[in-house]
Amino acid sequence: MPDLLIELFSEEIPARMQKRAGEDLQKLVTNGLVEAGLTYGSAAVFTTPRRLTLALGDMLAASPRQVEERKGPKADAPEKAIEGFLRGAGLTRDQLEERDTPKGKVFFAKIEKPGRPAAEIVAGVLEQTIRNFPWPKSMRWGTGSLKWVRPLHSILCVISDEAGAEVVPLTIDGIAAGNTTRGHRFLAPAEIEVSGFEDYQDKLSRAFVVLDPAARADAIWHDATNMAFAAGLEVVEDAGLLAEVAGLVEYPVVLMGRIGEDFLGLPPEVLQTSMKEHQKFFSVRNPKSGQIERFITVANRTTADEGATILAGNEKVLGARLSDAKFFWDNDLRTVTSGAGMETWVKALENVTFHNKLGTQAELIDRMATLSRELAPLVGADADEAEQAARVAKTDLSSEMVYEFPELQGLMGSYYAREAAMSDAVADAAKDHYAPLGPSDDVPTAPVSIAVALAEKIDKLTGFWAIDEKPTGSKDPFALRRAALGVIRILVENDVSLTLNDVLNKSAEIVGDRDAGRADTGDILSFIHDRLKVYLRDQGIRHDIIDACIAMDGSDDLTLLVKRARALSETLKTDDGENLIQGFKRANNILSQAEEADGVEYSFGADPKFAETEAEKDLFTALDKAETKITPAMAAQDFSTAMAAMADLRGPIDAFFEAVQVNAENPTVRRNRLNLLSRIRTICSAVADLTKLDG
């Protein structure tokens with residue numbers, strides 16, 4: 001069976017677009033071929049800065065012949081109806097078949113569609129793919145109408161098998177498909193003729209092109225780490241930067257350069273950010289001091305001087321970049337160590353708007369400071385330190401360094417706080433108060449940091465709720481879902497237990513009335529509960545289990561709520577737990593129906609002296625035993641013990657329903673048994689609202 005090789009060769013494709021472009025090429029071509037009846041055995045896609053390559057193996061040589069049967073009009077239908085059917089089918093009258101059906105004689109047509117050669121199908125699919133390729137941004141060039149991310153130079157499209165290789169006949173906007181490509185732009189720019197994928201890959205390798213982006217990334221990382229290790233240093237890991245750099249070169253050559261002595265005193269994060277954002281350099285640090293001392297750059301070619309000229313140029317440009325950073329750093333330090341200190345920056349934030357309906361950044365800081373003081377005793381933090389940390393956490397927004405490198409906000413605040421002789425707790429809170437920024441980001445763990453981080457997120461929720469700027473659908477311009485998830489993770493992962501509704505009400509009071517009114521804290525809590533469902537669902541806990549726990553009193557204590565949900569989830573994974581729910585629901589249904597029919601509530605008075613069977617007596621005993629365990633366990637918030645005691649009721653409840661008829665003829669016995677079912681409902685409902693569970 002033949003193989004297909006496609007290469008679209010162009011000017012440099014932006015690194016950020018390459019992976020998606022490769023996936024789109026594979027999807028569009030393979031879907032188009034399959035829809036046309038041309039199946040294949042394997043597919044692989046490769047990208048470099050100048051080419052998108054797709055290789056298909058074991059493809060059909062032609063699409064199969066298809067026979068379609070089409071039902072037509074009745075045999076006695078008007079001639080015009082029959083003629084219309086013949087035109088649509090492309091047949092003559094003598095090619096129709098007349099059959100008997102329950103509705104009389106009907107014409108049927110068999111329409112045969114011959115198979116099409118692979119080259120014809122590939123040409124059509126590839127032209128559609130190229131002309132409609134979904135680039136995020138594209139351009140026209142020259143006088144043609146074709147749009148591509150960068151000027152498209154050539155199309156390689158070859159079908160090969162044991163008999164040889166065939167170029168697919170295709171011309172798009174004056175570019176004719178062929179069987180040639182080019183190697184490295186500088187090291188092997190001549191045309192290369194290929195006959196199939198293996199030949200293509202081998203010749204490109206000899207022409208200084210590493211086709212596979214994963215192989216380029218591996219080579220870069222291998223050489224970089226070995227080079228750093230030889231100097232007693234280590235490369236700072238950065239998977240995103242590695243993928244980007246692998247998309248900038250076809251033939252990676254790793255070089256290690258030095259950072260000027262004048263810049264080694266800058267914070268490591270400043271060096272790392274400047275080198276990454278502006279130069280695409282990897283940072284190389286001293287594992288003993290943690291200081292960034294060198295950098296790794298990746299060239300796209302070898303040179304006669306082994307990269308010396310390239311390194312010299314990079315070091316010169318880097319020196320200019322870092323001179324700016326050092327200037328900003330020195331200016332900021334002079335401000336911090338002056339008499340006014342960081343208060344100068346706080347004052348400057350009075351002129352910086354946070355939101356036109358929520359005031360300035362300075363007003364936000366005042367709200368955070370007040371709420372942080374309220375939160376401090378609840379999370380084990382010193383109230384004075386928490387308030388001070390909240391007042392300085394955002395002051396670095398006025399610094400020159402953060403103006404140049406916005407991604408360093410918070411982190412630079414921690415450096416400046418230490419330079420201003422503030423405590424480590426205050427400095428750490430400045431660094432951590434934005435966290436967590438994502439689901440995999442670490443949460444703050446120090447008490448002061450917890451207080452300030454919670455204050456920042458809770459103020460955001462109550463503030464934007466007060467001005468009616470809630471998330472809608474997929475739109476969340478103020479990242480309120482992230483803020484809610486941050487509150488959840490900070491509380492749960494630090495095992496902090498507090499009454500969140502009280503905190504939300506206090507925050508709403510601090511925010512005050514806004515244009516849309518005061519924040520509806522009950523609605524905010526529901527929003528947080530919704531985010532909690534997503535958070536726990538990712539951990540394998542069913543939504544109905546969370547609903548069963550949210551329905552209980554105290555559900556605004558997220559830490560206890562999560563503990564309850566996890567304990568219930570583990571209980572329901574056991575046979576006893578799962579079957580107990582069925583027994584509970586049966587008891588609850590019988591009881592609810594009886595209460596509705598009788599117009600009374602059966603909630604008191606079950607007496608073992610009216611028990612007529614051993615199963616009834618055993619259930620009384622089991623309920624007494626369970627109650628003595630569940631009540632103190634729930635008081636101690638020992639949900640696992642309470643759930644286990646509840647699960648132990650499975651056997652006695654099952655035995656009761658097998659041996660006992662609840663609606664006995666004796667009214668006293670019936671009432672006693674209904675009150676016994678009420679005890680089941682009461683004891684089990686003390687653990688969670690089991691009526692919310694599915695099944």
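Everything below is about the structure printed above this text.
Residues numbered from 1 in each chain as written. Predicted model: local features only at pLDDT ≥ 70, side-chain atom pairs only at ≥ 80, totals over all residues. Heavy atoms only, no water.

Student: Got a minute to help me understand the sheet that holds strand 6 (residues 104-113) in this structure?
Tutor: Where strands meet in a sheet, backbone hydrogen bonds hold them as pairs that are either parallel or antiparallel. Taken in spatial order, the three strands line up as 4-6-5 in an open sheet, and their pairing is antiparallel. Looking at which strands have only one partner, the edges of the open sheet turn out to be strand 4 (66-74) and strand 5 (97-101). Between one strand axis and the next, the sheet turns by 35° as a mean value, whatever way the strands run. Here five bridges tie strand 5 to strand 6, and the two strands are oriented antiparallel to one another. What sits directly across from R99, in strand 6, is V106. Strands strand 4 and strand 6 of the sheet are contacted by helix 2 (residues 79-89), whose axis makes an angle of about 170° with strand 4. (Pairing = 2+ DSSP bridges. Helix = DSSP H or I, 4+ residues; strand = E, 2+ residues; numbered from the N terminus. Axes fitted to C-alpha atoms, helices over the stretch in contact; angles between N-to-C directions. Contact = heavy atoms within 4.5 Å.)

Student: Quick question: what am I supposed to make of helix 22 (residues 614-635) here?
Tutor: The terminal C-alpha atoms of helix 22, which comprises 22 residues, lie 32 Å apart, in line with the 32 Å expected from a rise of 1.5 Å per residue. All of the buried residues in helix 22 are A615, E616, L619, F620, A622, L623, A626, I630, A633 and M634. Tucked inside the fold, the buried residues of helix 22 contact helix 20 (558-572), helix 23 (639-647), helix 24 (650-659) and helix 25 (667-685). (Expected span 1.5 Å × (residues − 1). Buried < 20%, exposed > 50% of the residue type's maximum accessible area, 1.4 Å probe, protein only.)

Student: It is not clear to me how unusual backbone geometry should be interpreted in this structure. Could you clarify?
Tutor: The general pattern is negative phi for most residues beyond glycine and trans for most peptide bonds. Here the bond from A435 into P436 is cis, since omega is -5°, no more than 30 degrees from zero. For D468, which is not glycine, the phi torsion reads 60° and is therefore positive. Positionally, D468 belongs in the loop between helix 15 (447-466) and helix 16 (480-493). Positioned with a positive phi, A479 is a non-glycine residue whose angle comes to about 55°. Positionally, A479 belongs in the loop between helix 15 and helix 16. With a relative accessible area of 18%, A479 lands in the buried category.

Student: Just checking my understanding: could you explain the packing of helix 15 against helix 18 (residues 521-537) for this structure?
Tutor: Think of two packed helices as two axes; the pair is described by the angle between the axes and how far apart they sit. The geometry of helix 15 relative to helix 18 is characterised by a closest axis approach of 10 Å and an angle of 125° between their N-to-C directions. It follows from the interaxial angle that helix 15 and helix 18 lie oblique. Judged by the sense of rotation from one axis to the other, the crossing of helix 15 with helix 18 is right-handed. Every residue of helix 18 that contacts helix 15 at L461, T462 and W465 is listed here: D523, I524, F527 and I528. Its residues placed into classes, the contact of helix 15 with helix 18 shows five nonpolar, one polar and one charged. (Parallel < 35°, antiparallel > 145°, perpendicular 65-115°, else oblique. Left-handed = near helix turned anticlockwise from the far one by under 90°. Nonpolar A, V, L, I, M, F, W, Y, C, P; charged D, E, K, R; others polar.)

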